[in-house]
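Summary of the model geometry
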Amino acid sequence: MIYHLLYPLSEHFGLFNVFRYITFRSIYALLTALILTIIIGPRFIHWLQRIKCGQYIQEDGPENHQRKAGTPTMGGLLIAFSLLSSVLLWGNLTNVYLWLTIFVFAGFGCIGFVDDYLKVVRKQNKGLSPRQKFGWQFLVAAAAIGVLIVLPGYSSSLYIPFIKWVQPNLGWFYLLFALVVIVGSSNAVNLTDGLDGLAIGPTIVVGGCLLLFVYVAGHVEIAKYLQVAYVPGVGEVTVFCGALVGAGLGFLWFNAYPAQVFMGDVGSLSLGASIGFIAILCKQELVLLVVGGLFVVETLSVIIQVGYFKFSGGKRFFRMAPLHHHFELTGIPESKIIVRFWILSILLAMLALSTLKLR
Ligand code: 57M
């Protein structure tokens, strides 16, 4: 909105030329989303409490989680409001990649909202069935990929970190790969969201990393210098990443241990799908495995646990999966597990960013 209102005035007021710059608008998208979330947060949490939108705690979870019963959930609605308001305010609304990213975020957010609503409001503890949940997720992801493949910047080549001279063309297989990246990252963030701030912290780090990657991918000179994929027009998604980081920091203000609010599936599914889709837009799908390594490890821990349980006749590899519950049951305090996950996330982000130079 602001871009369309004020940038044209730069002919008369030179100062307004600043609205042309993605960097400027991304910084203010971050600040706007952060301030909006912190200002609205207390009222929103109070509203969730008033309508009794409290978290039901399953009995089979770690004992110390029982005290969390009733914590307001669906805080992802607050993230969505601040993030989307900020993007609509600071983004160039003629950019197709920005709208595609908004579509993926909102589409997965709607799936999560229905799941949360069934679980929390309608007291149907299981919410949507896995078939319904995955079905709708693949549908939304397929719709976004379906539009992406007809855009001029589309490429089915796979860029491999550290190896510049090999970019295998996956052809039609890339479509299935892209679907798995989006749905996989959505559910990986969802699984990780099991301790206060445990999902939003690494999401902020990944969002910040993708902000740099998508800016570079949209900048012809820098992309050429760093020898990464140049995707004309994708740089505008930097504004979305700024808003995501801002809304995430604002949400962390309330979700930090001890949490006043949980994000719910409405938050975890939308945020996870967005980072997966943005990694596809800037052709950094494999780097996402590095910077989002915590989400990968959490998901692998569940796969190992279930597999080991099946093939060992009922034995458990971990005390409990996902991995954060295993550490909890070994007696490490929740707040220490969370901060250590954040530290590892930042370390992985540094490694991911190094792939820009080390080629
Ligand atoms: C997403 N949801 C949290 C909150 C959050 C197949 C199996 C691995 C599935 C998995 C599962 O159910 N995952 C669902 C994780 C839940 O958080 C809610 O869900 C939203 C995210 N989708 O926003 O609304 C609980 O997590 C805690 N929490 C916090 N702080 C936060 O900021 O403390 C969440 C956010 C909340 C709260 O207690 O209630 C969750 O853990 O369910 N299942 C599991 O993760 C279960 N693991 C398990 O069953 N492991 C088995 C097998 C299947 C691998 C095993 O180890 O043998 C654990 N979760 C529960 N009970 N609820 C452990 C058992």
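Residues numbered from 1 in each chain as written. Predicted model: local features only at pLDDT ≥ 70, side-chain atom pairs only at ≥ 80, totals over all residues. Heavy atoms only, no water.

One can find phenylalanine 277 in helix H10 (residues 264-281). Each C-alpha atom of the pair phenylalanine 277 and leucine 100 lies 9.0 Å from the other, and the pair is 177 residues apart in sequence. Leaving out residues up to four positions away in the same chain, phenylalanine 277 has contacts with Leu100, Thr101, Val104, Ala144, Leu148 and Ile182. (Helix = DSSP H or I, 4+ residues; strand = E, 2+ residues; numbered from the N terminus. Contact = heavy atoms within 4.5 Å.)

With that settled, consider the site of the ligand. If you check the shell around the ligand, you find 30 residues, and the closest are Gln55, Asn190, Asp193, Gly264 and Asp265. Separating a nitrogen atom of the ligand from a side-chain N or O atom of asparagine 190 is a distance of 2.3 Å. If the ligand stood free it would expose 1,000 Å²; the protein chains cover 82% of that surface. Contributing elements (two or more residues each) for the shell around the ligand: helix H6 (173-192), H10 and helix H12 (293-311). Each residue belonging to the shell around the ligand can be placed in one class, and the counts come to 11 nonpolar, 13 polar and 6 charged. (Near = heavy atom within 4 Å. Polar contact = N/O pair within 3.5 Å; in protein donor to acceptor, adjacent residues only side chain to side chain. Areas by Shrake-Rupley, 256 points an atom, 1.4 Å probe, with all protein chains shown as cover. Nonpolar A, V, L, I, M, F, W, Y, C, P; charged D, E, K, R; others polar.)

Attention now goes to the nonpolar core. Within the largest apolar cluster, 91 residues are counted, with the highest numbers of intra-cluster contacts made by Phe108, Leu148, Ile182 and Phe240. In this view, leucine 148 contacts Tyr97, Leu100, Tyr154, Phe277, Ile280 and Leu281; residues no more than four positions away in its chain are not counted. Formed by 7 residues, the second largest nonpolar core is a distinct cluster that contains Leu198, Leu294, Ile337 and Ile338. (Core = buried A, V, L, I, M, F, W, Y, C linked by side-chain atoms within 4.5 Å. Buried < 20%, exposed > 50% of the residue type's maximum accessible area, 1.4 Å probe, protein only.)

The next point concerns a nonpolar patch on the surface. On the surface, a nonpolar cluster with roughly 450 Å² of combined accessible area is contributed by Ile27, Tyr28, Leu31, Ile35 and Ile39. Tracing the chain through its elements places isoleucine 39 in helix H2 (residues 22-50). (Patch = residues over 30% accessible without salt bridge, like charges linked within 9 Å, V, L, I, M, F, W, Y side chains within 5 Å. Salt bridge = Lys/Arg side-chain N within 4 Å of Asp/Glu carboxyl O.)

Taking 1.5 Å per residue as the helical rise, helix H5 (residues 130-148) with its 19 residues ought to reach 27 Å, and the 27 Å between its terminal C-alpha atoms agrees with that figure. Among all positions of H5, only Lys133, Gln137, Val140, Ala141, Ala144, Ile145 and Leu148 are buried. Summarising the axial view, the buried residues of H5 lie within an arc of 135°, below the 170-degree limit, and thus occupy one face. Exposed positions of H5 whose direction lies more than 90 degrees from the buried face are Arg131 and Leu139. The secondary structure elements touched by the buried residues of H5 are helix H4 (96-121), H6 and H10. (Expected span 1.5 Å × (residues − 1). Arc of directions from axis to C-beta.)

Within the secondary structure, serine 157 is located in the loop between H5 and H6. Apart from residues lying up to four places away in sequence, serine 157 is in contact with Gln167, Pro168, Asn169, Tyr174 and Lys283.

Let us look at the environment of isoleucine 204. Relative to the helices and strands, isoleucine 204 is located in helix H7 (residues 200-217). A relative accessible area of 11% means that isoleucine 204 is categorised as buried. Along the backbone, isoleucine 204 and glycine 246 are 42 residues apart, and their C-alpha atoms lie at a distance of 8.2 Å. When residues no more than four places from it in sequence are discounted, the contact partners of isoleucine 204 are Val245, Gly248, Leu249 and Leu252.

What follows concerns the packing of helix H3 (residues 76-90) against H4. Taken N-terminus to C-terminus, the directions of H3 and H4 make an angle of 165°; their axes are 12 Å apart at the nearest point. With respect to H4, the element H3 is oriented roughly antiparallel. Helix-helix and strand crossings are classified by hand; for H3 and H4 the assignment is left-handed. Residue-level contacts link Leu77, Ala80, Leu83, Leu84, Val87 and Leu88 of H3 to Leu98, Trp99, Ile102, Phe105 and Phe113 of H4. (Axes fitted to C-alpha atoms, helices over the stretch in contact; angles between N-to-C directions. Parallel < 35°, antiparallel > 145°, perpendicular 65-115°, else oblique. Left-handed = near helix turned anticlockwise from the far one by under 90°.)

Pairs may arise between side chains of opposite charge once their charged atoms sit close together. Overall, the coordinates contain 9 salt bridges when judged by the stated rule. In this structure, the salt-bridge partner of lysine 133 is aspartate 115, at a minimum N-O distance of 3.0 Å. With a gap of 18 residues between them, lysine 133 in helix H5 and aspartate 115 in helix H4 connect regions that are remote in the sequence. The pair lysine 133 / aspartate 115 is uniform in exposure class, with both members buried. Of the charged contacts, one joins lysine 283 and glutamate 285 as a salt bridge, the two residues approaching to 3.8 Å between their closest N and O atoms. For the pair shown, lysine 283 and glutamate 285 are each scored as buried. Where salt bridges share partners, they join Arg67, Lys68, Asp196 and Glu334 into one cluster.

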